[in-house]
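These are the residues of each chain, in order.
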Amino acid sequence: MSDSQRRAAAPDPLDFLAVDAELSDTERDIRDAVREFSTRELLPHVADWFEAGTLPDPRGLAKAFGDLGVLGMHLEGYGCGGSSAVAYGLACRELEAVDSGLRSFVSVQGSLAMAAIHKFGSEEQKNEWLPRMAAGDAIGCFGLTEPDSGSDPGSMRTRARRDGADWVLNGTKMWITNGSVADVAVVWAATDDGIRGFVVPTDTPGFSANVIHKKLSLRASITSELVLEDVRLPADAVMPASKGLGSPLSCLNEARYGIVWGVAGAARACYEASLDYAKTREQFGKPIGGFQLTQRKLADMVVDVNHASMTALRIGRLKDEGNCHHNHVSFGKFANVAAAQRVARTARGIHGANGITLEYPVMRHMVNLETVATYEGTEEIHALSIGQSVTGVSAFR
Ligand code: TGC
Ligand code: FAD
């Protein structure tokens, strides 16, 4: 039967372009398992965690994520899952549909701390840390940003100097997710030989971490300052294959990739909440979804949500084929975070006064996305990366 003879099914409002029809059975199974876990174990509590401004049981959460199999799930060997990039992305999408802070927990563990050790660590470092981190028995953090070096990490002041065979680290890292609950910190420091990465057990004398309070965004996440005062480490604490700024930046690609998917989940959650609200909330004698202005908002939202999912899936397929350049990831982070911010902002408005409360997820997502737009390369940094990619001219300095 030709297309013109066959009557196509009407689009599903919850997957308008049937993007998920492109998934394999295995990918769908992983999506469903993470969605089921997130809905059962995380969603009922996340508003309270956000209101409290912390994660009350980070070790229990790490263990639960380990049991679910999402910590370093895309890494090969050492107790890790070895999944495809798309499967990992789907997990990030389902976690961030609940809260960006929860996806961050998984991103920092798997895509930053574990990925750094996996890419650049010695066999001893990999065997010591990766199986425990995959199981959620050890928590890791990733220290790149400093008080005076954010978008420009190459200007870092944290220094590692040789003292005999040992290394001695001094400096301060800022805004470090899970810093004060971590067992191990991957710390990037300048050496006489360029930037190198160090595996630092957090009980090493001279290492301390201070929780950053009064955040108005990503409140269901622990963010810390790391202070390194004459932290003495053995010669084998350096990750042997780490060399230059490109090493930490290559880890960022992994976490940024998770964000490309994650924010598609946050956007979807805001759109679905708005659709539900618009169909049930009545004013002027009819559901607000019946007003043309609301329908325009829903149309804009469903377009953004579906564009974001398609972008994530395309970049994921490129990654699984081995054809994903870091500027593809910049494209995805730039496009999808902005789309999710538009959706969340509109969703907040559709919910009226209810939209400013934690009874509904929309303002929580909206303010979380302020962090997501800043970390892992700000909107401006990714715009400049795309600009450099298409013109061949760097506008960074
Ligand atoms: P530049 O000279 O351009 O690059 C230095 C070397 O690195 C290479 N490179 C990359 N390699 C892999 N992946 C990338 N994305 C790369 N970008 C650049 C580059 O080819 C070069 O290699 P080589 O061999 O020629 O030396 O460096 P630059 O100093 O001009 O900086 C470039 C810039 C601005 C793009 C980079 O510094 C940057 O991305 N800045 C943003 C910093 C950032 O994103 N920080 C995130 C910290 S971690 C975090 O936020 C965790 S949040 C928690 C969570 O994820 O949930
Ligand atoms: P700045 O770099 O000072 O930027 C300020 C403004 O200037 C931005 O708008 C920026 O886009 C703009 N700007 C900078 N350079 C240019 C330019 N060349 N052209 C145009 N505009 C420019 N870091 C870690 O290392 N590990 C973590 O686990 C981690 N977790 C985080 C968790 C949270 C909740 C937050 C908020 C941040 C986290 N970060 C982490 C830090 C994050 O990566 C940085 O905040 C981010 O890289 C931006 O740096 P900055 O805040 O110093 O801003």
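Residues numbered from 1 in each chain as written. Chains lettered and ligands numbered in written order. Predicted model: local features only at pLDDT ≥ 70, side-chain atom pairs only at ≥ 80, totals over all residues. Heavy atoms only, no water.

- By the naming in an unreviewed UniProt entry, the protein is glutaryl-CoA dehydrogenase (ETF), taken from Nocardiopsis eucommiae.
- The annotation that UniProt attaches to the protein under Cofactor (unreviewed entry) is "FAD". (UniProt positions renumbered as here; feature names shortened; annotations may be inferred.)

Topic: the site of ligand 2
No. 1: In the neighbourhood of ligand 2, 18 residues make up the surrounding shell, with Thr145, Ser151, Trp175, Thr378 and Glu380 lying closest.
No. 2: Take Leu144: an N or O atom from its main chain is 3.0 Å from an oxygen atom of ligand 2.
No. 3: Side-chain polar atom of Ser151 to an oxygen atom of ligand 2: 2.6 Å apart, as the coordinates give it.
No. 4: Look at ligand 2: alone it shows 980 Å² of surface, and the protein chains cover 67% of it.
No. 5: Elements represented by at least two residues in the shell around ligand 2 include exactly strand E3 (166-177), helix H9 (362-374) and helix H10 (379-391).
No. 6: Ranked by residues supplied to the shell around ligand 2, first place goes to E3 with 3 residues.
No. 7: A per-class count over the shell around ligand 2 returns 8 nonpolar, 8 polar and 2 charged. (Near = heavy atom within 4 Å. Polar contact = N/O pair within 3.5 Å; in protein donor to acceptor, adjacent residues only side chain to side chain. Areas by Shrake-Rupley, 256 points an atom, 1.4 Å probe, with all protein chains shown as cover. Helix = DSSP H or I, 4+ residues; strand = E, 2+ residues; numbered from the N terminus. Nonpolar A, V, L, I, M, F, W, Y, C, P; charged D, E, K, R; others polar.)

Observations concerning the UniProt feature "domain: Acyl-CoA dehydrogenase/oxidase C-terminal" (unreviewed entry) in the protein
No. 1: UniProt tags residues 243-390 as "domain: Acyl-CoA dehydrogenase/oxidase C-terminal" (unreviewed entry).
No. 2: Taken end to end, residues 243-390 is 78% helix and 3% strand, and its first and last C-alpha atoms sit 27 Å apart.

Some remarks on the site of ligand 1
No. 1: In the neighbourhood of ligand 1, 24 residues make up the surrounding shell, with Ser104, Asn253, Arg256, Gly377 and Arg397 lying closest.
No. 2: Relative to its unbound accessible surface of 1100 Å², ligand 1 loses 70% to contact with the protein.
No. 3: Those elements giving two or more residues to the shell around ligand 1 turn out to be helix H4 (100-120) and helix H6 (246-280).
No. 4: Top element by residues in the shell around ligand 1 is H6. It accounts for 7 residues.
No. 5: For the shell around ligand 1, the residue count by class is 9 nonpolar, 11 polar and 4 charged.

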